[in-house]
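Residues per chain, in single letters:
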Amino acid sequence: MCGIVGVISKAPVNQLIYDALLLLQHRGQDAAGIVTAMDTKFFMHKARGMVRDVFRTRNMRALPGSVGLGQVRYPTAGNAYSEEEAQPFYVNAPFGLVLVHNGNLTNAHALRKELFAIDRRHLNTESDSEVLLNVLAHELELAARDLPLTPEEVFKAVRGVHKRIKGSYAVVCLIAGYGLLAFRDPYGIRPLCYGQADLPEGPEVMVASESVALEGTGHRFIRDVAPGEAIFIDLDGRVHAQQCAEHPSLTPCVFEFVYLARPDSVIDGISVYQARLNMGETLAQRVISTMPPSEIDVVIPIPESSRPSAMQLAQKIGKPYREGFVKNRYVGRTFIMPGQAVRRKSVRQKLNAMPQEFKGRNVLLVDDSIVRGNTSREIVQMAREAGARRVYMASAAPPVRYPNVYGIDMPTKSELIAHGRSIEEIREFIGADALIYQDVAAMKKAVGSLNTGIDGLEASCFDGHYITGDVSAEDFAAIETQRTSQGEEEEPGRTRLALQSAGDA
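Reading guide: rules and limits
Residues numbered from 1 in each chain as written. Predicted model: local features only at pLDDT ≥ 70, side-chain atom pairs only at ≥ 80, totals over all residues. Heavy atoms only, no water. Helix = DSSP H or I, 4+ residues; strand = E, 2+ residues; numbered from the N terminus. Buried < 20%, exposed > 50% of the residue type's maximum accessible area, 1.4 Å probe, protein only. Contact = heavy atoms within 4.5 Å. Areas by Shrake-Rupley, 256 points an atom, 1.4 Å probe, with all protein chains shown as cover. Pairing = 2+ DSSP bridges. Axes fitted to C-alpha atoms, helices over the stretch in contact; angles between N-to-C directions. Phe/Tyr/Trp six-rings, centres within 6.5 Å; stacked < 30°, edge-to-face > 60°. Salt bridge = Lys/Arg side-chain N within 4 Å of Asp/Glu carboxyl O.

S.K.: Sorry if this is basic, but what is going on with the overall build of the protein chain here?
M.R.: From N to C terminus, the protein chain includes 16 helices and 21 strands. In the protein chain, which comprises 505 residues, the share counted as buried stands at 61%. For the protein chain, restricting intrachain contacts to residue pairs at least 6 apart in sequence, the fraction spanning at least 24 positions comes to 71%. Only carbon and sulfur atoms are counted for the fraction: they give 49% of the accessible area of the protein chain, which is about 19100 Å².

Put into C-alpha cells, the structure is as follows:
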C-alpha cells in the first residue's frame, strides 16, 4: 500500500504535490519522494521518512516546474530499509520516464529475467516498481518506434503492459516533454481517481490514490480511473482516456474500506465511512447472536479506523459508546511499521487507556481487523490493567487467514494469527473473554451494496481467492524467504537521493 499523486498544471506544483502527499500520508510512512519537470528536465528528491521530515525548504526550492508526481511509500516488495527503493523511479529511455506505483506485481520474478535476457534492460533494485517501469519503457519504445508520440501510441504501450504483468497496480508516470500517464490494473484492485481545478492560467489536472487528496487541494473530483483504463494528460491539461485491457472487471480491494483508506474518501463510488458504518451494523448482529447484549456495559473502539463501526454497533445493541483509549498522534501506525519488534514496542507509546471508562465494567473492544494478534493481546491486557472486569473483543473484519500478495503488509502465513487456528485458539492467544468476528459474506454485502456497479471485492486475505489466478505456493515461499532475510537487515541512515539534474540545494 502506497499513496501516489500526479499533476499537470501551468503553475508551480511542488507545494501542491507536498500538500497532496500529506493527505495521503496514512497510506505510507516509510519513505516519500517528489519529481517535478521543467521542459524536459526532471528534478527529484526522495528519502526515507514521513513527508514533513523528507522535504525541507531547500528541497522544495530544488523542485521547480509545473508538472510532477509524488509518492508516500509503504514497502510490500523489495527491501523495506533500502533508500534506493524509495519512489519515484527514473529511466532515461525512451523519452525519459519517472514512475510511481501503488500495488504489488505477482509475476515480478519472471519479468525480471525477461527484462534482462530478452528486453536487454538492467534493474538495480529488488523493487517490483522498477520492474513495472522498465516493462512500460520497453512497450513505449516498441509502440512509438519511428513514430511521433501521441495518446494512441501511449495507450498501445499500456495494452502491452497489461498483457505482460500480473498483480495489482495503480500507476502514474511522467513522460518528459509530453505529459502524464495514469493507469490501473484490469481488476481495479488498488484505487486511482482524478480531478480538475480551473485556474486563470488554464486547467490543472490531478491524479491521486484517494479522492481526499483532490478535495483537500481544491480540485473537483471528476471520476475514478476505470480498471484497465489509461488516461493521458498532455501538457495543456487535455485528458485523453482509453480502455486498454481485454477483460476488465471492477473488483476493488475490500481492505481499503476495512482499514487502509481515509474515512472521508470515496473509492469506486463507495463511501469509506458508510462502508465502515455498514460493517458495524452487521457486526452488531453477530454480537447479538453470540452473546446477550446485557453482558456488555460499554463499547470502546480501538482508534482510529474502527470508530464508525464501533459507533454503529453500540447504537444497534443499545449500549453506550465511549472513548477509552487516547491515541498519541505523533507515533506512526503500527500496522505499517516494518519489523515486528518495532510494532510491539510502539503499542503502548501509541495508546493509553483511561481507567474511568474501564474500571468495574464489562467492555466490548471493537477493532477494524485482527492481523497478527500481538497488538490485540497487548490492548486486551491494557484494558484489564485499567480495571475492566471482563474484556470482549469484536473485529469489524473477518479472520485474516491467508497471505495478501496485492500490496498489503501481511504476506506470510506465519504472521497471521488466524491462519490454522480456531476462533477459540485466537481468543486464548489475545486473552479476551470472548471474541466475535465479522462474517465474510456479511462484510462483502455491507461494502458491495453501496455500489451495485462493482463486479465483486478482492478479499483474498479473508477467503483465500486470488483474483489474478496466478498465485502459487512457490510464490508464497519466495515472499516469505525475502521477508525473513529483510528482517535481518539493519536500518541504514537516511541520505538524500537526487537525479543528476536536480543539483544540491
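S.K.: Whenever I open this one, the sheet that holds strand 6 (residues 97–105) confuses me. Can you help?
M.R.: As summarised here, the arrangement of the six strands in space is 5-6-7-8-12-13, forming an open sheet in which the pairing is antiparallel. Both edges of this open sheet fall to strand 5 (89–91) and strand 13 (239–243), since each of them pairs with a single strand only. Strand-to-strand, the axes of this sheet are offset by a mean angle of 20°, without reference to chain direction.

S.K.: What's the story with the sheet that holds strand 19 (residues 362–367) in this structure? I'm lost.
M.R.: Consider a sheet: its strands pair through backbone hydrogen bonds, and that pairing is either parallel or antiparallel. Read across the sheet, four strands follow the order 16-19-20-21 without closing on themselves; strand pairing throughout is parallel. Single-partner strands in this sheet number two, and they are strand 16 (298–301) and strand 21 (434–437). Each neighbouring strand pair of the sheet contributes to a mean axis angle of 25°, computed without reference to strand direction. Alignment of strand 16 against strand 19, held across four bridges, turns out to be parallel.

S.K.: Is there a simple way to explain the packing of aromatic side chains in this structure?
M.R.: The geometry of an aromatic ring pair is captured by the separation of the ring centres together with the interplanar angle, meaning the angle of the planes. Taken as a whole, this structure holds eight aromatic pairs when the rule is applied. Seen from their ring centres, Phe42 and Tyr90 are 5.9 Å apart, and the 85° between their planes marks the pair as edge-to-face. With a gap of 48 residues between them, Phe42 in strand 3 (residues 41–48) and Tyr90 in strand 5 connect regions that are remote in the sequence. Accessibility expressed as a relative area gives 5% for Phe42, which makes it buried.

S.K.: Hey, could you run me through unusual backbone geometry in this one?
M.R.: The general pattern is negative phi for most residues beyond glycine and trans for most peptide bonds. A cis amide bond links Gln87 to the next residue, Pro88, at an omega of 10°. Mapped onto the elements, Pro88 comes out in the loop between strand 4 (67–73) and strand 5. Phi at Asp146 is positive, roughly 65°, even though this residue is not glycine. With respect to the helices and strands, the residue Asp146 is situated in the loop between helix 5 (128–143) and helix 6 (151–164). Overall, Asp146 belongs to the exposed group, its relative accessible area being 78%.

S.K.: Just checking my understanding: could you explain the pattern of salt bridges for this structure?
M.R.: Once their charged atoms are close, side chains differing in charge can pair, the charge on each being opposite to the other. Applying the stated rule across the entire model yields 29 salt bridges. Arg27 is the partner of Glu210 in a salt bridge, and the nearest nitrogen-oxygen pair spans 2.7 Å. Note that Glu210 is positioned in the loop between strand 10 (202–208) and helix 7 (211–215) and Arg27 in the loop between helix 1 (14–23) and strand 2 (31–38), a separation of 183 residues in sequence. Given the relative accessible area of 0%, Arg27 is considered buried. The network of salt bridges with shared partners includes Lys10, Asp234, Asp236 and Arg238.

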